[in-house]
Amino acid sequence: MPETCVGEKVFMQGNIAVGEAAIAAGARFFAGYPITPSSEIAQHAAYHLPRVGGIYIQMEDEIGSIAAIIGASMAGAKAYTASSGPGISLMNENIGLACMVEAPCVLINVQRAGPSTGLATKPAQGDFFQVRWGTHGDHSIIALSPATVQECFDLTIQAFNFAEQFRTPVFLLMDEIIGKMYETITIPNIQDIKIENRKLAICPPEEFMPYAYSEDLVPLFAPFGDIRINKANGSGHGLDGFPDNDPENYDRLVRRLNDKIEKNKSKICLYKAFNCRKDTEILIVAYGCSVRPGLAVVEQAERYGLKIGLLQLQTLWPFPEQLIMEYSKNVKKIIVPELSLGQLRSEIAGYIRDIPIKGVNKVGGISINPQDIIKVIKTRYE
Amino acid sequence: MMKYTGKKFIREENLPFFWCAGCGNGIILACLVRAMEENNFSRQDTVIVTGIGCWGKADDYLNTHAFHGTHGRALAIATGIKLAKPSLKVIALVGDGDGATIGGNHLIHAARRNIDITVIMSNNLNYGMTGGQYSGTTPYRAITSTSRYGHVEDEFNISELVRTAGAAYVAKETIANPLQLQRFISRALKKRCGFKFVEAVSICPTHYGKENQLGKAAEMIEGLKKQIVKIDSVKDWGVEKLAGRIIVGEYANREVDGYIKRYREVQKEAMHKK
């Protein structure tokens, strides 16, 4: 166990909090490739994992890294990797493989300014859609996003739990600001941390079908080496894992892979609401590094004579449209601050048609500050 | 050697093979399962990892644990499986497109770090599944569906590359000599530590053979026999004399620690460090 899991307050970097939480969640396998601004997570793993009986391996590229964690996951390990936008771009191929073979794993994306190499050391939130739609084909995915170092710890635990529960890759979508930031956080006692593990098959070996499922749509797992012979298959397959190109079978498979996540939205969608009341006129919707400037505006709202609330999305995918609709029912305007040209805003606009949605957008590699938000709010009142 | 049929690893209900008539993959698969039986492999402790391509379908005819992954990535997937559970015997089946071309980076690094897995590469000199395009092992001037006027590039001697990268065991044989191929695979499976690589030079009568007017399967196999030279006999051969030859034999057979043993040693030290 990591030495810091003692129920104490510690001053810690966001990336390190992620690493500590991964080990506390039971992760014992990391494969990765160095990239700024996520490298502390790999370095943490390289230091700690061998000491707790785990594996750290630096692969030849990000394609190999995610392939290795998927392999490890199917052998029964809790596995994770950490990267940034350019590395995630390379991983996209096998993110689909993880969805398809239903390999639980956690993918940490500490976002930096893109496209391409962009600004390696500068923050951005431009991968909101990449984590959702980066890999080809219809699929669903879970993405959680922390806004504080405490949340880096807590949501990493949650990410592993969701991955195990739903047998799916889960993103932790961070950014350079949250990853590099130091804050005082409370590390829970290890026995107070709720840990989920994938459900194992217990049937007689001859009855085992690797992709058989029941009401919860999540197949029971048998790791490689088990007496129940497993077949992981990234190609179209039947319940036995062997190829099946029948249109009805494939339609059913793709829908199940989507439904097992989308139908559990209410369980997966985590959020925090600040100052959201019945008479709130302006709703700020934000995630990650854009939450803090939004909160500063909420705190100063009265000074400006405004009724402002903030809805922090901790779960970005599956997209919490019900939550946003509910919180915006009585508001006159929605403000979406983000370090992109409006990715989150455009997703919200797909569901909210009758309220103006204003973006506060920066893509220069610097953070949003409260004044940027206030400037946009004021345009309504002038 | 013939007393081993390897039948206990074959999923008979999935037969016949989906491969074309005359394809060499059936011969390689037979050599593999016989060698597995010879080395007392069990269904439960074996994981077959495949990529995508004709040879990548081989796992559909086997009844061990299996991972049918993505094109080119079999070795990286196999690396994760082996490290997460070192007691497993991990065998990756890759083609020349899968293993020597798109997956070339994974191949050289897996060989360099001597990850303790066995790789059987079926090298039929082209991409069969997608319609006979040129791969990293297609010879100069060969006709393929994407080298209509003769191939411009030189090919890899992939076994030589893997040997240079540091693999514990490297052998190359053609499907024209299945007994020897089985022997090499068996030696690879027997060797416990390090990266083991057997290249099986095969034929693709449907595409490569037809395009290059090499005749039907039987004639292509006769053709392979004419190209074969043994590795010990070519030491002082020049490039010109080697052109068009297939150099068979054991390229490397050396004792190495292997990745798992080394990792455990370092890990032991790490656990005792304050």
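Just above, that's the structure.
Let me begin by describing the structure that accompanies this report. (Residues numbered from 1 in each chain as written. Chains lettered and ligands numbered in written order. Predicted model: local features only at pLDDT ≥ 70, side-chain atom pairs only at ≥ 80, totals over all residues.)

Residues and elements named next belong to chain B. With respect to burial, strand 8 (residues 196–201) is a largely interior element, six of its six residues being buried. Side chains Lys196, Val198 and Ala200 project from strand 8 onto one buried face, and the interleaved Phe197, Glu199 and Val201 project onto a second face that is buried too. In the sheet, strand 7 (residues 169–174) pairs with strand 8 via six bridges, with the strands oriented parallel. Looking at strand 8, one finds that alanine 171 is bridged to valine 198. Regarding the hand of the β-α-β motif, the stretch spanning strand 7, helix 6 (residues 178–190) and strand 8 is right-handed. (Buried ≥ 20, exposed ≤ 12 C-beta atoms within 10 Å, placed from the backbone. Helix = DSSP H or I, 4+ residues; strand = E, 2+ residues; numbered from the N terminus. Pairing = 2+ DSSP bridges. Right-handed = clockwise from strand over helix to strand, strands pointing away.)

The next point concerns the sheet that holds strand 13 (residues 308–313) of chain A. Residue and element names in this part refer to chain A. Read across the open sheet, the five strands follow the order 11-13-12-15-16; overall the sheet is mixed. Strand pairing shows two members of the sheet lacking a second neighbour, strand 11 (271–274) and strand 16 (357–361), which therefore form its edges. Neighbour-to-neighbour, the strand axes of this sheet turn through a mean angle of 20 degrees, independent of strand direction. Where strand 15 (residues 333–338) meets strand 16, five bridges bridge the pair, whose relative direction is parallel. (Axes fitted to C-alpha atoms, helices over the stretch in contact; angles between N-to-C directions.)

Look at the link from A:Gly114 to A:Pro115: it is a cis peptide, with omega at 0 degrees. Note that A:Pro115 resides in the loop between strand 5 (105–113) and strand 6 (119–123). Backbone torsion omega between B:Leu15 and B:Pro16 reads 5 degrees, so that peptide bond is classified as cis. Examined against the element boundaries, B:Pro16 turns out to sit in the segment before helix 1 (25–38). Here the phi dihedral of B:Arg141 falls at roughly 75 degrees; this positive angle occurs in a residue that is not glycine. Within the fold, B:Arg141 resides in the loop between strand 6 (133–134) and helix 5 (158–165). In this structure, B:Gln213 takes a positive phi of about 50 degrees despite not being glycine. Tracing the chain through its elements places B:Gln213 in the loop between helix 7 (205–211) and helix 8 (217–227). A residue is classified by how many C-beta atoms lie within 10 Å of it, and B:Gln213, with 8 of them, is exposed.

In this section: the sheet that holds strand 3 (residues 89–95) of chain B. In spatial order, the strands read 10(A)-2(B)-1(B)-3(B)-4(B)-8(B)-7(B)-10(B)-9(B); together these nine strands make up an open sheet with mixed pairing. The two strands at the open ends of the sheet, each matched to only one other strand, are strand 10 (231–233) of chain A together with strand 9 (228–230) of chain B. With strand direction ignored, the average angle separating the axes of adjacent strands in the sheet is 20 degrees. Sheet contacts for helix 2 (residues 74–84) of chain B: strand 1 (46–50), strand 2 (65–68), strand 3 and strand 4 (118–123) of chain B; angle to strand 3 of chain B, the most-contacted strand, approximately 175 degrees. Running over the sheet, helix 8 of chain B touches strand 7, strand 8, strand 9 and strand 10 (246–253) of chain B and is turned about 35 degrees from strand 9 of chain B. (Contact = placed C-beta atoms within 7 Å.)

This part covers the packing of helix 1 (residues 14–24) of chain A against helix 6 (residues 149–166) of chain A. All names here are of chain A. Packing of helix 1 against helix 6 leaves a shortest axis separation of 8 Å and a crossing angle of 30 degrees. Overall, the two elements helix 1 and helix 6 adopt an arrangement that is roughly parallel. In terms of crossing hand, the pair formed by helix 1 and helix 6 is right-handed. Residues Gly14, Ala17, Val18, Glu20, Ala21, Ala22 and Ala24 of helix 1 form the contact with helix 6, whose participating residues are Val149, Cys152, Phe153, Thr156 and Ile157. (Parallel < 35°, antiparallel > 145°, perpendicular 65-115°, else oblique. Left-handed = near helix turned anticlockwise from the far one by under 90°.)

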